[in-house]
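Spelled out from the first residue to the last, the chains are:
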Amino acid sequence: MVVPILSVNQLSGGYSRQRPVLHDVSFDIKSGELVGLVGLNGAGKSTTIKHILGLLEPFSGEVRIDGRTLKEDQQACRQKMAYVPELPELYEQMTLEEHLQLTAMAYHLDRQTYQERSKQLLDLFHMEKRLHWFPVHFSKGMRQKVMIMCAFLAHPALYIVDEPFVGLDPLGIQSLLDLMVAMKKEGAGILMSTHILSTAEQYCDRFIILQDGQIVVQGTMEEIREKFGQKDASLHEIYLAVARGENEWKQ
Ligand SMILES: Nc1ncnc2c1ncn2[C@@H]1O[C@H](COP(=O)(O)OP(=O)(O)OP(=O)(O)O)[C@@H](O)[C@H]1O
């Protein structure tokens, strides 16, 4: 049996045991899959991501990266994933180049691989001229691009991408989408949370719809339409019906 690159099993968790945010959340991501995590503000997407990254401990259930929990082998799990946060977090005293070099060191990239990949990424995001800039001079979108370049420099087996499109210009969005498609082809698994449902519908292989910390439905677009009972419904229409409580799922 193929071990999923990410496996979330009956995860309940959150910030305090008195008030769990997530309730019995289970899903897998296989190599070569791009999975969209969608839900209203406060549904629990970022909380799910924090559990996957090991920033929060499960109250019950577990998260496995390539078959192992963070507790079993933190180093191996961390090496296997890269994270693009919703809000860019940069080191203000380091240039763009130093951010890339630090990432390359953390993931043990050899010099040649670093040079090839960083050049490609700088080209793709039109950031070549900003290699020696400090974050204070970057726009919001440029800061986001630095985080994306760092994550994609490493070519890990699993990408966790939190609401990546806000702040990026249309060229940047397309570059990121092209990059995700390329990494998928190389065999990476990608979990992407987003509110941009038309893009998600176009690019994701499967979807997980979260509401109040629970998975309402998950599957391919066809599977979700089937359960929703409307074969032509868009993700946007299904999502609105879920959010308004207008849906009755078929079993
Ligand atoms: N640091 C925190 N401490 C306590 N509660 C939190 C914290 N962060 C989020 N929450 C709560 O957890 C719940 C889920 O929030 P979360 O940030 O996971 O939602 P989200 O789906 O990512 O929303 P958004 O689309 O707005 O980013 C909300 O009720 C929120 O108030």
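Residues numbered from 1 in each chain as written. Predicted model: local features only at pLDDT ≥ 70, side-chain atom pairs only at ≥ 80, totals over all residues.

## Section: the sheet that holds strand 5 (residues 68–69)
With antiparallel pairing, four strands are arranged side by side in an open sheet as 2-1-4-5. The outermost strands of the open sheet, each flanked by one partner alone, are strand 2 (22–29) and strand 5. Summarising the sheet, strand 4 (residues 60–65) and strand 5 pair through two bridges and their orientation is antiparallel. Each bridged residue has a counterpart across the sheet, and for Arg64 the counterpart in strand 5 is Thr69. (Pairing = 2+ DSSP bridges. Helix = DSSP H or I, 4+ residues; strand = E, 2+ residues; numbered from the N terminus.)

## What about the site of the ligand?
Residues in close proximity to the ligand include Tyr15, Val21, Gly39, Asn41, Gly42, Ala43, Gly44, Lys45, Ser46 and Thr47, which together make up its full environment. Its residues assigned to classes, the shell around the ligand comprises three nonpolar, six polar and one charged. (Near = placed C-beta within 6 Å. Nonpolar A, V, L, I, M, F, W, Y, C, P; charged D, E, K, R; others polar.)

## Looking at unusual backbone geometry
One non-glycine residue, His108, adopts positive backbone phi at about 55°. In the Ramachandran plot, Glu163 falls in the positive-phi region, its phi being about 40° despite a non-glycine side chain. Relative to the helices and strands, Glu163 resides in the loop between strand 7 (158–162) and helix 6 (170–185).

## Quick look at the pairing of strand 3 (residues 34–38)
Burial runs high along strand 3: five of the five residues are buried. Neither face of strand 3 is open: one carries Leu34, Gly36 and Val38, the other Val35 and Leu37, and all of them are buried. Note that strand 3 and strand 8 (residues 189–193) share four bridges and pair parallel. Across the sheet, residue Gly36 finds its bridge partner in strand 8, namely Met192. (Buried ≥ 20, exposed ≤ 12 C-beta atoms within 10 Å, placed from the backbone.)

## Here we look at the environment of Asp24
By secondary structure assignment, the location of Asp24 is in strand 2. Once the C-alpha coordinates of Asp24 and Gln214 are considered, the two residues, 190 residues apart in sequence, prove to be 6.9 Å apart. Filtering out sequence-adjacent residues up to four positions away, Asp24 remains in contact with Gln10, Ser12 and Gln214. (Contact = placed C-beta atoms within 7 Å.)

## Here we look at helix 4 (residues 111–124)
The terminal C-alpha atoms of helix 4, which comprises 14 residues, lie 20 Å apart, in line with the 20 Å expected from a rise of 1.5 Å per residue. Those residues of helix 4 not exposed but buried are Ser118, Leu121 and Leu124. Here the buried residues of helix 4 occupy an arc of 125° about the axis, which is enough to place them on one side. Exposed residues pointing more than 90 degrees away from the buried face of helix 4 are listed as Arg111, Gln112, Gln115, Glu116, Lys119 and Asp123. Those residues of helix 4 that are buried are in contact with helix 3 (96–106), helix 5 (140–153) and helix 6. (Expected span 1.5 Å × (residues − 1). Arc of directions from axis to C-beta.)

## A few points about the sheet that holds strand 10 (residues 214–219)
Strands sit in the order 6-7-8-3-9-10 across an open sheet of six strands; the sheet is mixed. Because the sheet does not close on itself, it has two edges, and the strands there are strand 6 (81–84) and strand 10. Between one strand axis and the next, the sheet turns by 15° as a mean value, whatever way the strands run. Against the sheet, helix 9 (residues 235–243) touches strand 3, strand 9 (206–211) and strand 10, its axis set at about 20° to strand 9. (Axes fitted to C-alpha atoms, helices over the stretch in contact; angles between N-to-C directions.)

## Describing the packing of helix 4 against helix 5
For the pair helix 4 and helix 5, the least separation of the axes is 10 Å and the interaxial angle reads 145°. The handedness of the crossing between helix 4 and helix 5 is right-handed. Between helix 4 and helix 5, the residues in contact are Arg117, Ser118 and Leu121 and Met149, Phe152 and Leu153, respectively. Per-class residue counts for the contact of helix 4 with helix 5 are four nonpolar, one polar and one charged. (Left-handed = near helix turned anticlockwise from the far one by under 90°.)

## Side note on the UniProt feature "domain: ABC transporter" (unreviewed entry) in the protein chain
UniProt marks residues 6–237 with the feature "domain: ABC transporter" (unreviewed entry), using the numbering shown here. Each end of residues 6–237 is marked by a C-alpha atom, and these two atoms are 28 Å apart; helix forms 38% of the span and strand 24%. (UniProt positions renumbered as here; feature names shortened; annotations may be inferred.)

## Here's the deal with the nonpolar core
One broad trend across soluble globular proteins is that nonpolar side chains are buried collectively. Ranked by size, the top nonpolar core spans 64 residues in total, and within it Met149, Ala151, Tyr159 and Ile190 carry the most contacts. Take this core: its biggest share by element is nine residues, from helix 5. With near-sequence residues (within four places) excluded, Ala151 lies in contact with Ala82, Tyr83, Val84 and Tyr159. (Core = buried A, V, L, I, M, F, W, Y, C linked by C-beta atoms within 7 Å.)

## Details of the confidence of the model for the protein chain
In the predicted model, the protein chain carries a mean pLDDT of 93, and the fraction of residues at 70 or more is 98%. Scored by ipTM, the complex comes to 0.97, with pTM at 0.93. (pLDDT = per-residue confidence, 0-100.)

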